[in-house]
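# Analysis of the macromolecular model
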Amino acid sequence: MRPILSRHCIACHGPDEDDRQAGLRLDTFDGATEDFGGYAAVAPGDPEASEIMVRILTDDEDMRMPPADHAGRLSDAEVGTLRRWIEQGADYQTHWSFSAARMPEIPDEVQNETHRVVDYFIDKKLEKVGLHRNERADPRSLVRRLSLDLTGLPPVAHSEPVQSAIDDYLAAPTSDNYTMLVDELLRTPAYAEHWAAMWLDLARYADTVGYSGDEHRDIWPWRDWLIASLMENKSYKEMSIEMIAGDLLPDATTDQKLATAFHRNTLSNNEGGTNDEEFRTVAIKDRLSTTLNSWMGITIRCAECHSHKYDPISHVEYYQLLDYFNQSADADRRNESPKLPVPPRRDLEIAEELKTKLVQLREAVFSQPEVWTQQRPVEVEGQSGTTLEVLDDNSVLAKGKNPSYEIYEVTFELPPHQTINAIRLEVIPHLQHDGKVGRSGDGGFILSQIWIEAERDGEKKKVPLKDAEADFAQPNHHPRTAIKEDVQSGAHQQGWAVRHPVTGYTDHHEAIFELGEPLRSDEASRYTIYLRHDSPWVRLNMGCFRISTTDQENAAERYRKDELDADRIELRKWEAMAAERVRVPIMQEKPEEGRRETHVMLGGNYLSHGEKVSAKLPEAFVPEAAEFRGDRLGLATWIFDESNPLTARVAVNRYWARLIGAGLVETEEDFGTQGTPPSHPQLLDFLAVSFQQKQWDVRELIKMIVGSESYQQSQVATAKALEADPRNRLLSRGPRVRLQAEVVRDQALAVGGLLSGKMFGPPVYPPSPIKRVVNAFTGGMTWQESTGEDRYRRAIYTYLKRSAPHPLFETFDMSSRDVCSMRRLRTNTPLQSFMTLNDVTFIEAARGLADQMLNHREQTADVATGPEWAASIEYGLQRALFVDEVSAGQVEVLSDLFHQCRERYRTRIKEAVKFTGQTVDLQTTTDDEKSRLVDRASMTVVANVILNLDGVLNN
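Now for a quick tour of the structure. Because the structure is a prediction, the values reported are computed rather than measured. Throughout this document, residue positions are counted from 1 along each chain, in the order its sequence is written. The predicted origin of the model limits local features to residues at a pLDDT of at least 70 and limits the giving and counting of side-chain atom pairs to 80 or more, whereas totals for whole chains, interfaces and linings rest on all residues. For side-chain calculations, the full set of non-hydrogen atoms in the structure is used, while hydrogens and water are omitted.

## With respect to the overall build of the chain
Secondary structure elements follow DSSP: runs of H or I of four or more residues count as helices, runs of E of two or more count as strands, with numbering from the N terminus. A tally of helices and strands in the chain yields 33 helices and 18 strands. Only protein chains enter the calculation, and the probe is 1.4 Å; a residue is then buried if its accessible area is under 20% of its type maximum, exposed if over 50%, and partly exposed in between. Among the 955 residues that make up the chain, the fraction classed as buried is 55%. Contacts in the chain between residues far apart in sequence, at least 24 positions, make up 72% of those at least 6 positions apart. Side-chain charges in the chain split into 111 positive and 152 negative, and the spacing between the mean points of these groups amounts to 2 Å. Contacts were defined at the residue level, with two residues in contact if any of their heavy atoms lie within 4.5 Å. We score Asp and Glu as negative and Lys and Arg as positive, and we do not count His or the chain ends. Throughout, a charge is located at the NZ atom of Lys, the CZ atom of Arg, the CG atom of Asp or the CD atom of Glu.

This is the structure we're talking about:
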């Protein structure tokens with residue numbers, strides 16, 4: 001009965017007291033039966049005396065309910081249900097999801113095997129409609145389904161011991177071998193990377209801050225924390241509490257504090273002229289909504305402006321809940337403080353290489369004489385008001401005022417018997433400047449000009465500079481431009497600058513400036529280095545720097561050729577990597593004396609304050625005697641309290657949806673009165689209670705689901721099943737869904753033999769048709785394509801810019817990550833085919849698969865003309881589809897395509913070369929080499945078609 005009232009009546013006659021029509025409330029028994037002067041909306045036991053029936057059935061348009069401009073009439077079936085409900089006493093029951101989950105009755109013969117319990121409830125529902133489950137899918141189909149569902153990768157992508165477990169199961173498809181295969185897949189890093197994507201959607205994770213500027217944000221260490229937590233099988237409860245309130249746990253570790261970056265994924269507006277408090281308020285409202293949506297499946301945003309129209313959360317209770325998040329120290333600042341310096345996680349191979357390299361390079365450097373000598377300034381000054389401080393490591397830190405334009409003066413003593421032929425200027429990232437090398441808003445600097453003056457007995461002489469080199473310079477900003485004698489103020493393309501396309505301004509850099517003539521102590525006792533910042537843009541001043549000197553000749557040229565102090569330079573790079581810290585925005589509670597006041601915001605307006613409130617949980621969900629802390633840790637504790645009816649249900653439903661294709665509650669984001677009821681309520685409660693009893697162990701939950709025969713059944717749909725269960729909500733057949741965006745790409749690369757297994761680290765930039773993104777006020781970014789294995793890393797590591805996500809993600813329905821997304825709604829558009837047929841990554845994957853098909857031919861056949869080409873094509877189909885046998889018709893069609901392409905490319909050899917991606921001098925290429933190019937291009941076309949087969953893109 002409740003769904004009918006919710007759909008047609010509650011919007012106007014529900015909990016929202018400010019928008020309740022005619023004073024009538026139909027969501028409670030007392031409200032529905034209230035006496036309105038001799039009549040009531042509902043008269044229990046007497047439909048004819050119930051005003052609700054009169055209003056629903058009347059032909060008078062002025063009296064009918066719902067009003068014609070609000071909704072259509074109730075159907076005859078709905079009217080009949082309403083009538084019977086009144087006849088039976090109009091009993092109001094608590095909405096199913098707001099009642100505690102109870103372990104249902106289970107027959108003795110199945111209750112000791114949890115996966116059989118899943119089948120028991122599925123079978124009961126199927127029997128009611130005259131259906132039964134399919135037989136188990138064939139072993140190879142089931143292996144592919146498992147591999148893609150659990151790891152997001154096809155079977156061919158795995159190494160030992162997974163391949164061994166696959167072979168064992170295919171040789172003997174027993175339940176024990178199946179369980180061993182599941183266990184091996186769940187132990188792979190690929191499992192953690194795959195399932196992390198679900199959490200990234202919930203966390204609205206991206207590498208930029210959003211809004212019009214959409215600047216870069218270093219938050220990827222939180223993504224790596226998430227993957228690491230899933231790898232170690234941290235419990236759902238522990239991981240969740242750390243994300244909500246890890247900083248408030250006793251003796252919180254760095255990782256527990258880092259976990260709270262979950263809630264620093266909110267958007268930040270750095271546009272000039274915006275109100276920080278307004279957007280801070282938007283952020284904390286988003287955190288509240290995300291928390292209750294992610295863990296309890298409740299929509300709460302409508303209570304921001306008025307009491308919830310459908311669920312038991314009042315306008316006041318919304319702001320009481322908001323107070324839990326209103327005490328965080330962040331405030332929509334440009335620097336995104338508070339931040340936590342975090343040592344980044346590293347891929348195991350890189351971590352081992354780091355240890356080895358440091359030992360080797362330290363030994364090499366120890367045996368070599370020093371090339372550079374650090375100099376400690378005796379005087380420092382900023383001509384326009386900058387405060388310069390000399391630190392213990394001889395570096396100079398700029399503090400205080402940051403003028404629009406500035407010249408640093410740094411003076412050194414020149415000891416006896418010393419000669420200077422070159423100076424080294426190091427720019428050093430510093431926490432004072434948000435871990436960047438410069439003092440500008442984004443952390444950059446431009447050194448417009450550098451010159452040196454030598455001094456002896458009060459007389460000064462300018463020392464010419466003749467050459468310069470740097471370890472890195474952004475385009476049009478080489479340090480050689482900074483040694484000119486005359487530099488025009490505000491000149492473009494002038495001066496040394498170091499904006500890196502990937503790391504921005506966070507790297508330590510150095511420039512070598514070679515003197516035109518040696519500076520000797522017998523000619524000078526002191527010298528001053530002038531560092532001028534006079535670019536077309538203001539406040540682009542260096543943040544922290546250090547000066548060293550050398551007597552080596554031709555220093556700049558030798559540095560350019562890696563002939564000067566190469567081992568020490570390499571050691572510095574590796575030591576910087578070992579000491580690297582990434583400053584990640586985290587949640588941090590304000591001190592007690594600085595707590596904010598929280599008020600009800602009238603109409604949701606942050607400027608319109610109503611009554612003052614404090615942290616309190618909604619009455620409808622909290623037992624009367626229960627007590628919880630009044631901070632985020634108290635909120636997290638309540639979310640996982642055994643009295644909370646929603647958390648476990650929402651969690652198991654989410655995992656069920658990822659494995660089966662749709663949740664038992666299809667509206668994963670809404671378990672309230674407007675959500676869909678569960679297709680199998682007893683199964684949902686069984687899974688929820690079991691999940692809690694097994695200490696919120698996610699792997700055990702997944703094993704329970706995939707261990708069921710319902711999951712393992714074949715995907716064949718009979719005519720009867722299609723009629724009675726068209727959307728497979730009753731699970732009359734095995735799940736079949738199109739792969740999600742990340743898996744579409746990762747599978748193609750894996751089948752093509754290109755996928756990198758490298759884990760963790762900063763985001764990467766795979767090929768994208770979008771090369772330049774322009775944002776208002778910030779200049780945007782250039783998409784600098786990654787090279788080497790970074791080009792082929794898993795999609796989860798791809799840089800995600802909110803204002804311009806990678807086209808693959810948009811095309812294949814990934815969420816925008818602006819707000820929390822509980823589920824992805826799949827679409828089917830021609831753009832998806834255009835992407836997988838034409839995108840550079842998929843063409844490169846097709847080349848990889850073509851090479852494997854050609855290599856297979858060379859290794860297994862006598863390379864004569866004829867049927868061997870068909871065998872190569874058959875091998876490609878088997879690899880992509882993971883099947884033993886392929887259709888002869890498929891092979892024949894693809895063989896015809898291959899030969900058509902050969903004929904075409906033989907007369908268009910340049911097209912063949914281009915399509916293979918190779919660089920070839922055709923004038924020196926032999927006929928045999930040209931023939932191989934034609935074969936490779938033709939097989940790439942075939943491989944491209946294979947990767948676009950329905951059987952490849954669906955699971």
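Having seen the structure, we can now continue with the description.
## Topic: the nonpolar core
By size, the foremost hydrophobic cluster in this structure holds 125 residues, and its most contacted members are W199, W222, Y236, W656, L687 and I702. L687 has contacts with V118, V652, W656, L664, L701 and M704, leaving out every residue within four places of it along the chain. What we call a nonpolar core is a set of buried Ala, Val, Leu, Ile, Met, Phe, Trp, Tyr and Cys residues that are connected through their side-chain atoms within 4.5 Å. One finds V743, Y792, M814 and I873 within the second-largest nonpolar core, a separate group that totals 41 residues.

## Side note on the packing of helix α14 (residues 276–296) against helix α20 (residues 647–660)
Note on method: axes are straight lines fitted to C-alpha atoms, helices fitted across the in-contact stretch only, with angles between N-to-C directions ranging 0 to 180 degrees. Interhelical geometry of α14 versus α20 gives an angle of 70 degrees and a closest axis separation of 7 Å. Judged by the inter-axis angle, α14 sits roughly perpendicular to α20. Here N293, S294, W295 and M296 of α14 come into contact with α20, specifically with T647, V650 and R654. In this classification, Asp, Glu, Lys and Arg are treated as charged, Ala, Val, Leu, Ile, Met, Phe, Trp, Tyr, Cys and Pro as nonpolar, and every other residue, Gly included, as polar. For the contact of α14 with α20, a count of residues per class yields 3 nonpolar, 3 polar and 1 charged. Oblique is the label for every angle not falling under 35 degrees (roughly parallel), over 145 degrees (roughly antiparallel), or within 65 to 115 degrees (roughly perpendicular).

## Considering the pattern of salt bridges
One side-chain nitrogen of Lys or Arg within 4 Å of one carboxyl oxygen of Asp or Glu is enough to make a salt bridge. With the rule as written, the count across this model stands at 68 salt bridges. For the salt bridge of E215 with R334, the shortest nitrogen-to-oxygen distance reads 3.6 Å. Note that E215 is positioned in the loop between α10 (189–202) and α11 (220–231) and R334 in the loop between α15 (315–322) and β1 (339–342), a separation of 119 residues in sequence. When its relative accessible area of 18% is taken as the criterion, E215 is described as buried. A salt bridge links K616 to E619, with the nearest nitrogen and oxygen atoms 3.9 Å apart. Judged by relative accessible area, which is 40%, K616 ranks as partly exposed. Look at E619 and you get exposed, because its relative accessible area is 58%. When salt bridges with common partners are traced through the structure, they connect D467, E469, R480, E557, R560 and K561 into a single cluster.

## Digging into the sheet that holds strand β12 (residues 526–533)
Read across the sheet, 5 strands follow the order β3-β6-β12-β8-β9 without closing on themselves; strand pairing throughout is antiparallel. Looking along the sheet, the strands with just one partner apiece sit at the ends: β3 (379–382) and β9 (459–463). The sheet shows a mean angle of 20 degrees between the axes of neighbouring strands, direction not considered. Looking at chain direction, strand β6 (residues 406–413) and β12 are connected through 8 bridges and run antiparallel. Counted as the bridge partner of V410 is I529 from β12. For two strands to pair, DSSP has to find at least two bridges joining them.

## Observations regarding the packing of helix α7 (residues 139–151) against helix α8 (residues 162–171)
Two numbers describe how α7 lies on α8: the axes approach to 9 Å, and their chain directions differ by 150 degrees. Here α8 runs roughly antiparallel to α7, going by the angle between their axes. Judged by the twist between their axes, the crossing of α7 over α8 is right-handed. Within the contact between the two elements, α7 uses P139, R140, L142 and V143 and α8 uses I166, Y169 and L170. Residues belonging to the contact of α7 with α8 are distributed by class as follows: 6 nonpolar, no polar and 1 charged. Left-handed is the label given to a crossing in which the near helix is rotated counterclockwise from the far helix by less than a right angle, and right-handed is the label when the rotation is clockwise.

## Looking at the packing of aromatic side chains
By convention, a stacked pair of Phe, Tyr or Trp rings (six-membered ring in the case of Trp) has centres within 6.5 Å and planes under 30 degrees apart, an edge-to-face pair has planes over 60 apart, and any other such pair is tilted. Under the defined criterion, the tally for this structure stands at 28 aromatic pairs. Ring geometry for Y236 versus Y655: centroids 6.5 Å apart, planes at 75 degrees, classification edge-to-face. Of this pair, Y236 sits in helix α12 (residues 236–245) while Y655 sits in helix α20, placing them 419 residues apart in sequence. Across the pair, exposure class does not vary: Y236 and Y655 are buried alike.

## Brief notes about unusual backbone geometry
Look at the link from M65 to P66: it is a cis peptide, with omega at -10 degrees. Topologically, P66 is positioned in the loop between α3 (51–57) and α4 (76–87). Looking along the chain, the bond that leaves S337 and enters P338 is cis, with omega of 0 degrees. Positive phi, normally seen in glycine, also occurs at E336, with a value near 60 degrees.

## With respect to the environment of Q163
Summarising the element assignment, Q163 is placed in helix α8. Sequence-wise, Q163 and E184 are 21 residues apart; in three dimensions their C-alpha atoms are separated by 9.3 Å. In contact with Q163, not counting residues within four places along its chain, are P155, V156 and H158. Among the polar contacts made by the side chain of Q163, one reaches the main-chain carbonyl oxygen of H158 at a distance of 2.8 Å. Each polar contact in these results corresponds to two N or O atoms within 3.5 Å; when the atoms are within protein, one needs to be able to donate a hydrogen and the other to accept it, and residues that are neighboring in sequence are counted only if both atoms are side-chain atoms.

## Looking at the side chain of T940
Inspection of the secondary structure assignment puts T940 in helix α32 (residues 927–946). T940 has contacts with I843, A846, R847, A850 and F915, leaving out every residue within four places of it along the chain.

## Here's the deal with helix α31 (residues 909–916)
Within the sequence span of α31, burial applies to I909, A912, V913 and T916. Projection of α31 onto a plane perpendicular to its axis shows the buried side chains occupying an angular sector of 100 degrees, all on one side. Of the exposed residues in α31, the ones pointing more than 90 degrees away from its buried face are K910 and K914. A positive backbone phi angle near 75 degrees is found at G917, which sits one or two residues after α31. The directions from the helix axis to the C-beta atoms are what the arc is built from.

## Digging into the environment of P464
Note that P464 resides in the loop between β9 and β10 (465–470). Along the backbone, P464 and S710 are 246 residues apart, and their C-alpha atoms lie at a distance of 81 Å. Ignoring sequence-local partners within four residues, the contact set of P464 consists of L515, G516 and E517.

## Thoughts on the state of the cysteines
Two cysteine sulfurs form what is called a disulfide whenever their separation falls within 2.5 Å. Applying the stated rule across the entire model yields 0 disulfides. The cysteine C302 is free of any disulfide, with C305 supplying the nearest cysteine sulfur at 8.8 Å.

Honestly, that's just the spatial picture; any functional story needs more than this.
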